[in-house]
Amino acid sequence: MSDMTPERGAQNLLINCARASTGDKLLIAYEPPEFGYFDAECVDVVSRVAHKLGMTVDTVDVGFNPDNPHLTPDLMAWFEEADIILFLARLGDQLRFSDMPQGKKIIVSFALSKEMLGSGFSNGHHDAFMDLKADINAVLDSSTEVRLTCPLGTDVRGRPIMNLKPTGDTSILRFPMSVFTPVPAYSFSGRVAISFLTGTGSKYYDDYTIEFDRPVFAIMENGQLLRFEGDPANAFKAEAHYDRVAGDLGIDRSFVHSWHAGIHPGCGYPWDMRDNYERWGGSAFGNPRILHFHTCGAYAPGEISWNVIDPTIEIDGVTYWNNGVFHADRLPNGQTILDQYPCAASLFEYPDPDIGLRVAS
């Protein structure tokens, strides 16, 4: 896709996602760059574009609170004055399943840097991916069997029982739109191959990520984690991690809540995931090379994620994801959507394969 810029990415966010109009009041709730998550330039780029669109802009530093994220009275007062609230901060993601002020357009950005705002991730028309999400949701909702596999040995089957009401997904707008509505896991069983365990961005805790020197297999039945299999030392390490996180947080250790896969081929992650797993987990999941389970806790998004790399997803015998490649044109309305949005079609033709995997040193 040609002529991609951070400014075009910001326009896509404001015009096509937020549906902003001249005179709207935009509040950017930002997280300072010293926390190592959002870069220093995102606020400036979005503010500049918003001003050019005739909007008024305020910014407020919401910091980062890993232990007790909440909306303070002062912040609520800021919200009351705004028409559109944009979170360039983890706070929005931490509270995305919580109550938010009514009557406001609230957006959480998963474009964490100026580089991401200038990539296909942010420049691909937002409506294209909203339409693709709706199309895959409909396919899942009417399906009788889904099978998930991967090169490392994942093999999970089930019949989706979708909740496509607003309660089935977060009501906060997400930019870019990069996943379909999470599929409840209680009707799925099988084994999931895992090379590492990491948090979900809901809560932060010590040893947030653990890696294995060879894959382990999470054995699940009807949405319940039964055990880990594989190399005994790694399986023991995984069991101990679940014991600790569930015990410390007082949550249901065995609950597997839901899963989804990435639908956005422009969702690249150009850094080493090991440098900052928290940052990786907050953005890279939208790439079709990643299928993501929410586990440990009987709520979304849980506290420990399983990340299946290069999934194959068959729905009623049709392969929509093949080793991490999403064939959107196989959806009932997929080709029509791609024809309507050539910018999105270009991203599917030339997907970004970089999801931060680097050879361990």
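Keep in mind the model is a prediction, meaning the values are calculated, not measured. (Residues numbered from 1 in each chain as written. Predicted model: local features only at pLDDT ≥ 70, side-chain atom pairs only at ≥ 80, totals over all residues. Heavy atoms only, no water.)

Thoughts on the pairing of strand 1 (residues 25-30)
Moving on, step 1. The sheet contact formed by strand 1 and strand 2 (residues 56-61) spans 6 bridges and is parallel. Among the inter-strand pairings, Leu27 is bridged to a residue of strand 2, identified as Asp58.
Moving on, step 2. Read as a crossover between parallel neighbours, the route from strand 1 over helix 2 (residues 42-52) to strand 2 is right-handed.
Moving on, step 3. Bridge analysis of strand 1 against strand 3 (residues 84-88) gives 5 bridges, and the strand direction is parallel. Bridge assignment links Ile28 to a residue of strand 3, and that residue is Leu86. (Pairing = 2+ DSSP bridges. Helix = DSSP H or I, 4+ residues; strand = E, 2+ residues; numbered from the N terminus. Right-handed = clockwise from strand over helix to strand, strands pointing away.)

A word on the side chain of Thr154
Moving on, step 1. Assignment of secondary structure puts Thr154 in the loop between strand 5 (146-149) and strand 6 (155-158).
Moving on, step 2. At 2.9 Å, the side chain of Thr154 and the backbone nitrogen of Ala193 are in polar contact.
Moving on, step 3. Apart from residues no more than four positions distant in its own chain, Thr154 is found in contact with Leu148, Thr149, Arg191, Val192, Ala193 and Val308. (Polar contact = N/O pair within 3.5 Å; in protein donor to acceptor, adjacent residues only side chain to side chain. Contact = heavy atoms within 4.5 Å.)

Comments concerning unusual backbone geometry
Comment: phi is negative for the bulk of residues other than glycine, and the bulk of peptide bonds are trans.
Moving on, step 1. The step from Phe175 to Pro176 runs through a cis peptide bond, and the omega angle for that step is -15°.
Moving on, step 2. Tracing the backbone shows Pro176 in the loop between strand 7 (173-175) and strand 8 (183-184).
Moving on, step 3. Unusually for a residue other than glycine, Arg19 sits at a positive phi of about 55°.
Moving on, step 4. Residue placement: Arg19 occurs in the loop between helix 1 (6-17) and strand 1.
Moving on, step 5. In this structure Arg19 comes out as partly exposed when scored by relative accessible area, which is 43%.
Moving on, step 6. Backbone geometry places Asp310, a non-glycine residue, at a positive phi of 55°.
Moving on, step 7. Relative to the helices and strands, Asp310 is located in the loop between strand 14 (304-309) and strand 15 (312-315). (Buried < 20%, exposed > 50% of the residue type's maximum accessible area, 1.4 Å probe, protein only.)

Quick notes on the packing of aromatic side chains
Moving on, step 1. One pass over the full model with this rule turns up 19 aromatic pairs.
Moving on, step 2. Ring centres of Phe35 and Phe64 lie 6.0 Å apart, and the angle between their planes is 70°; this geometry places the pair in the edge-to-face category. Taken together, the residues Phe35 in the loop between strand 1 and helix 2 and Phe64 in the loop between strand 2 and helix 3 (73-80) connect sequence positions 29 residues apart.
Moving on, step 3. When the centroid spacing of 6.2 Å and the interplanar angle of 20° are considered together, the rings of Phe129 and Phe348 count as stacked. With Phe129 in helix 7 (residues 126-141) and Phe348 in helix 11 (residues 342-349), this residue pair connects regions lying 219 residues apart in the sequence. Each member of the pair, Phe129 together with Phe348, is buried.
Moving on, step 4. Aromatic ring contacts, followed pair by pair, group Phe129, Phe180, Phe188, Trp259, Trp321, Phe326 and Phe348 into a single cluster.
Moving on, step 5. Its end group placed over the ring of Phe64, Arg90 keeps NZ or CZ at 3.6 Å from the ring centre.
Moving on, step 6. The ring of Phe217 carries the charged tip of Arg191 above its face, separated from the ring centre by 4.2 Å. (Phe/Tyr/Trp six-rings, centres within 6.5 Å; stacked < 30°, edge-to-face > 60°. Lys NZ or Arg CZ within 6 Å of the ring centre and 35° of its normal.)

Points about the sheet that holds strand 7
Moving on, step 1. The parallel open sheet is built from 5 strands, whose spatial order is 2-1-3-4-7. Whereas interior strands pair on both sides, the edge strands pair on one side only; in this sheet they are strand 2 and strand 7. For this sheet, the mean inter-axis angle between neighbouring strands, taken without regard to orientation, is 25°.
Moving on, step 2. The sheet contact formed by strand 3 and strand 4 (residues 105-109) spans 4 bridges and is parallel. Each residue of the ladder has a partner; that of Leu86, found in strand 4, is Ile107. (Axes fitted to C-alpha atoms, helices over the stretch in contact; angles between N-to-C directions.)

As for helix 2
Moving on, step 1. Looking at helix 2, one finds that the buried residues are Cys42, Val43, Val45, Val46, Ser47, Val49 and Ala50.
Moving on, step 2. In the core, the buried residues of helix 2 are packed alongside helix 1, strand 1, strand 2, strand 3 and helix 5 (114-117).
Moving on, step 3. Where helix 2 terminates, the next one or two residues include Gly54, which has phi positive at roughly 85°.

Remarks on the pattern of salt bridges
Moving on, step 1. Scanning the entire structure with this criterion turns up 15 salt bridges.
Moving on, step 2. Measuring nitrogen to oxygen at the nearest pair gives 2.6 Å for the salt bridge that ties Glu31 to Arg90. Of the two residues, Glu31 is situated in the loop between strand 1 and helix 2 and Arg90 in helix 4 (residues 90-94); the sequence distance between them amounts to 59 residues. For the pair shown, Glu31 and Arg90 are each scored as buried.
Moving on, step 3. Here Arg274 ties to Glu211 by a salt bridge, and the two come within 3.0 Å at their closest N and O atoms. With Arg274 in the loop between strand 12 (256-261) and helix 9 (277-281) and Glu211 in strand 10 (residues 209-221), this residue pair connects regions lying 63 residues apart in the sequence.
Moving on, step 4. Residue classification places Arg274 among the partly exposed residues on the basis of a relative accessible area of 33%.
Moving on, step 5. One continuous salt-bridge network, built from bridges that share partners, spans Asp213, Arg214 and Asp231. (Salt bridge = Lys/Arg side-chain N within 4 Å of Asp/Glu carboxyl O.)

Some points on the environment of Met130
Moving on, step 1. Locating Met130 in the fold gives a position in helix 7.
Moving on, step 2. When the C-alpha positions of Met130 and Met177 are compared, they lie 6.4 Å apart, and in sequence the two are 47 residues distant.

Topic: the environment of Pro311
Moving on, step 1. Looking at the element boundaries, Pro311 is found in the loop between strand 14 and strand 15.
Moving on, step 2. When the C-alpha atoms of Pro311 and Thr154 are compared, they prove to be 8.3 Å apart, with 157 residues separating the residues in sequence.
Moving on, step 3. If sequence neighbours within four positions are ignored, Pro311 has contacts with Thr149, Cys150, Pro288, Arg289, Ile290, Leu291, Trp321, Asn322, Asn323 and Gly324.

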